[in-house]
Amino acid sequence: MRTDLEAGSISQADLMRLLREARQWLETPGGQMLLDQQRLVAQECLERCFGQHMVQYGLAPEMMDGQQSTLRNRWHFDLIGEPPSIPLEESQWPFAPQSLDVVLLHHGLDFCLTPSTLLREAGQAVRAGGHILVFGFNPWSSWGWNHFAGRSWLSEAGFVSPARLSDWLEVLGFAVEKRIDGCYLPPLKSQRVLNRLRPIEHWAARHKLPCGGFYCLIARRQMLGAMPRKQTARAFPALSLPPLVAGTRRTQKRNTK
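Thresholds, definitions, all that
- Residues numbered from 1 in each chain as written.
- Predicted model: local features only at pLDDT ≥ 70, side-chain atom pairs only at ≥ 80, totals over all residues.
- Heavy atoms only, no water.
- Helix = DSSP H or I, 4+ residues; strand = E, 2+ residues; numbered from the N terminus.
- Contact = heavy atoms within 4.5 Å.
- Areas by Shrake-Rupley, 256 points an atom, 1.4 Å probe, with all protein chains shown as cover.
- 1 Å grid on protein atoms, 1.4 Å probe; cavity = no way out; pocket = protein on both sides within 12 Å on 5 of 7 lines; lining within 4 Å.
- Points joined across faces, edges and corners; volume = space filled by probe spheres on them.
- Nonpolar A, V, L, I, M, F, W, Y, C, P; charged D, E, K, R; others polar.
- Disulfide = S-S within 2.5 Å.
- Buried < 20%, exposed > 50% of the residue type's maximum accessible area, 1.4 Å probe, protein only.
- Pairing = 2+ DSSP bridges.
- Axes fitted to C-alpha atoms, helices over the stretch in contact; angles between N-to-C directions.
- Core = buried A, V, L, I, M, F, W, Y, C linked by side-chain atoms within 4.5 Å.
- Parallel < 35°, antiparallel > 145°, perpendicular 65-115°, else oblique.
- Left-handed = near helix turned anticlockwise from the far one by under 90°.
- Salt bridge = Lys/Arg side-chain N within 4 Å of Asp/Glu carboxyl O.

> Explain the overall build of the chain here, please?
On a plain count of helices and strands, the chain comes out with seven helices and ten strands. A separation of at least 24 residues holds for 76% of the contacts in the chain among residues at least 6 apart in sequence. Only carbon and sulfur atoms are counted for the fraction: they give 54% of the accessible area of the chain, which is about 12100 Å².

Structure representation (structure tokens):
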């Protein structure tokens, strides 16, 4: 990978390559284990949400396929923009402020140039009383060990810690309602080994240990003193998608404190 050692960053082209590599990995047994568990978590989280408009940004366009929800209008955006996704520059979301009911960041912060900028853009688009769902890789897990050891594409993914993400959300006016962890087994490629370790997965999930390979934070935008109420349906704001531009992000081993 081409890196700028002085700036400690990678190019947007390299980030897109990294995203494609991670998507290929999702087809392995470990990747399917990740997606299967995350679909269940997403379904549980979406039961807390109501409204009309939902935007998903991030790793797997097919994650919400077949999921039932009261949110009728859904769109998927990412950096690459390969069908069925729409290309979206992370620092220029084309949505009016407070125009969305739910934003789902599926490892969006793990595959972006500037996590705080992406989270700010996503947060501004959520209406008061709306929700933001953030899936992220947990640095304090067996998946995090691969990240810090420099193994495969995991070494270059973001791995923003849940504690740090909670602080960012609070600054943006969100209150974290729940955290869910999953994938306690390491990201292995062997289905046979994963099957043998299933009892460990079930035991850890039953005790809700905070060391899963991924976490999901569901946060609600505060009403600033007003009681939340269900809003009537409204037209989705017209999109004006900006072209993708070159950019940089800080590369591996982000500060996870």
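We are not done yet, so read on.
> Got a minute to help me understand the layout of surface pockets in this structure?
A water-sized probe, rolled over the atoms, reveals where empty space remains. Here the largest pocket defines a volume of roughly 360 Å³. Lining the largest pocket are 16 residues, with Val41, Ile180, Asp181, Gly182 and Ala205 sitting closest to its centre. Elements that contribute at least two residues to the lining of the largest pocket include exactly α2 (29–46), β8 (174–182) and α7 (198–206). Here the lining of the largest pocket is composed, by residue class, of eight nonpolar, two polar and six charged.

> Help me understand the state of the cysteines, please; the structure alone is not making it clear to me.
Put plainly, a disulfide is one covalent bond tying together the sulfur atoms of two cysteines. One pass over the structure, following the stated rule, counts zero disulfides. The structure places no disulfide on Cys45, whose sulfur is separated from the nearest cysteine sulfur, that of Cys216, by 3.8 Å. Accessibility expressed as a relative area gives 2% for Cys45, which makes it buried.

> I tried to follow helix α3 (residues 115–125) on my own but got confused; where do I start?
Because the α-helix completes a turn every 3.6 residues, residues three or four places apart line up on one side. Counting buried residues along α3, eight of its eleven residues qualify, which places the element largely inside the surrounding structure. Taken as a whole, α3 has its buried residues at Pro115, Thr117, Leu118, Leu119, Glu121, Ala122, Gly123 and Ala125. Looking at the buried side of α3, the elements it contacts are β3 (53–58), β6 (100–106), β7 (126–137), α5 (162–171), β8 and β9 (214–221).

> How should the sheet that holds β6 be read in this particular structure?
The strands making up a sheet are joined through hydrogen bonds of the backbone, oriented either antiparallel or parallel. Here we have seven strands laid out as an open sheet, ordered β5-β4-β3-β6-β7-β9-β8, and mixed in their pairing. The open sheet has two free edges, formed respectively by β5 (86–87) and β8, since each of these has just one partner strand. Where β7 meets β9, seven bridges bridge the pair, whose relative direction is antiparallel. Counterpart to Leu133 in the pairing with β9 is Ile218. Set on the sheet, α5 makes contact with β7, β8 and β9; between it and β9 the angle comes to about 15°.

> Hey, could you run me through the nonpolar core in this one?
Burial of nonpolar side chains together is a common tendency in soluble globular proteins. By size, the foremost hydrophobic cluster in this structure holds 67 residues, and its most contacted members are Trp93, Leu105, Phe111, Ile132, Trp143, Trp153 and Leu165. When residues in this core are grouped by element, the largest group, seven residues, is from α2. The contact partners of Trp143, leaving out residues within four places of it in the chain, are Trp25, Gly30, Met33, Leu34, Phe137, Leu154, Phe159, Cys183, Leu185, Pro186, Pro187 and Gly213.

> Where do I start with the packing of α3 against α5 in this structure?
The relative placement of two packed helices is expressed as an angle between their axes plus a distance between the axes. With their axes 10 Å apart at the nearest point, α3 and α5 run at an angle of 45° to one another. It follows from the interaxial angle that α3 and α5 lie oblique. Seen along the crossing, α3 lies across α5 with a hand that is right-handed. Residues Pro115, Ser116 and Leu119 of α3 lie in contact with α5, whose contacting residues are Leu165, Trp168 and Leu169. Split into classes, the residues belonging to the contact of α3 with α5 amount to five nonpolar, one polar and no charged.

> I keep staring at the pattern of salt bridges and nothing clicks. Help me out?
When the charged atoms of two side chains with opposite charge come close together, those side chains can pair. Considering all chains together, one arrives at ten salt bridges under this definition. Close ionic contact of Arg20 with Glu82 constitutes a salt bridge, the shortest N to O distance being 3.3 Å. Of this pair, Arg20 sits in helix α1 (residues 12–25) while Glu82 sits in the loop between β4 (73–78) and β5, placing them 62 residues apart in sequence. For the salt bridge of Asp181 with Arg179, the shortest nitrogen-to-oxygen distance reads 2.8 Å. The buried category is assigned to Asp181, whose relative accessible area is 16%. When its relative accessible area of 34% is taken as the criterion, Arg179 is described as partly exposed. Sharing partners across several salt bridges, the network here consists of Arg17, Glu21 and Glu156.

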